[in-house]
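Summary of the model geometry
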Amino acid sequence: NYMTNTLPQIDKMTRGAWLATEMVIECYRDVEPLYIVGGAAFDRNDDMFDYFEASHGVKTPSYQWKVIQATDSNADDYSRIAYWMPNTEEAKASKIDDYVVSIDTLESNLRAYGQDITFNFPAAEKAHTPSSSWSNPSGCDRS
């Protein structure tokens, strides 16, 4: 068996904060086109780094990130939101706002883990941090 587009996630994170970002995507994609990119950062000093190595042949990321670019919604946030969250049990849905970051912060975090990823946005937009995760658009109910 081969895995693609798959990374080990701590259960509380994947069912918590990460799921909250997926619900944002699920709701907004019904309203307008979205562009989404994401990835992971690995810390060799993290106790969980080798946790799945023997059983699955993969390293465990310490952080996961995502950028959602909408077409029209959330103009105050330049129609863009970024998340950087730890792959830990503390990453619960109730803490999703704690993981909203600016594009500048995301780029800095990625550089700290050896990833030279740069997003081509104006400096003022890159410096902007949304005040919270986006609310679901009117009429969206994914419960």
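Please refer to the structure higher up on the page.
Residues numbered from 1 in each chain as written. Predicted model: local features only at pLDDT ≥ 70, side-chain atom pairs only at ≥ 80, totals over all residues. Heavy atoms only, no water.

**Overview of helix α2 (residues 17-29)**
Note that an α-helix has 3.6 residues per turn; residues three or four places apart therefore point the same way. With 13 residues, α2 extends 19 Å between its outermost C-alpha atoms, agreeing within 8% with the 18 Å of an ideal straight helix rising 1.5 Å per residue. Taken together, the buried positions of α2 are A17, W18, T21, V24, I25, C27 and Y28. The elements touched by buried residues of α2 are α1 (11-14), β1 (35-41), β2 (63-69) and β3 (80-86). (Helix = DSSP H or I, 4+ residues; strand = E, 2+ residues; numbered from the N terminus. Expected span 1.5 Å × (residues − 1). Buried < 20%, exposed > 50% of the residue type's maximum accessible area, 1.4 Å probe, protein only. Contact = heavy atoms within 4.5 Å.)

**Some words on helix α4 (residues 103-112)**
Taken residue by residue, α4 has I103, L106, E107, N109 and L110 as its buried positions. Each buried residue of α4 lies within a common arc of 160° when the element is viewed along its axis, so the set occupies one face. Its buried side turned inward, α4 meets β2, β3, β4 (100-101) and α5 (123-127). After α4 finishes, the residue G114 shows a positive phi value of roughly 80°. (Arc of directions from axis to C-beta.)

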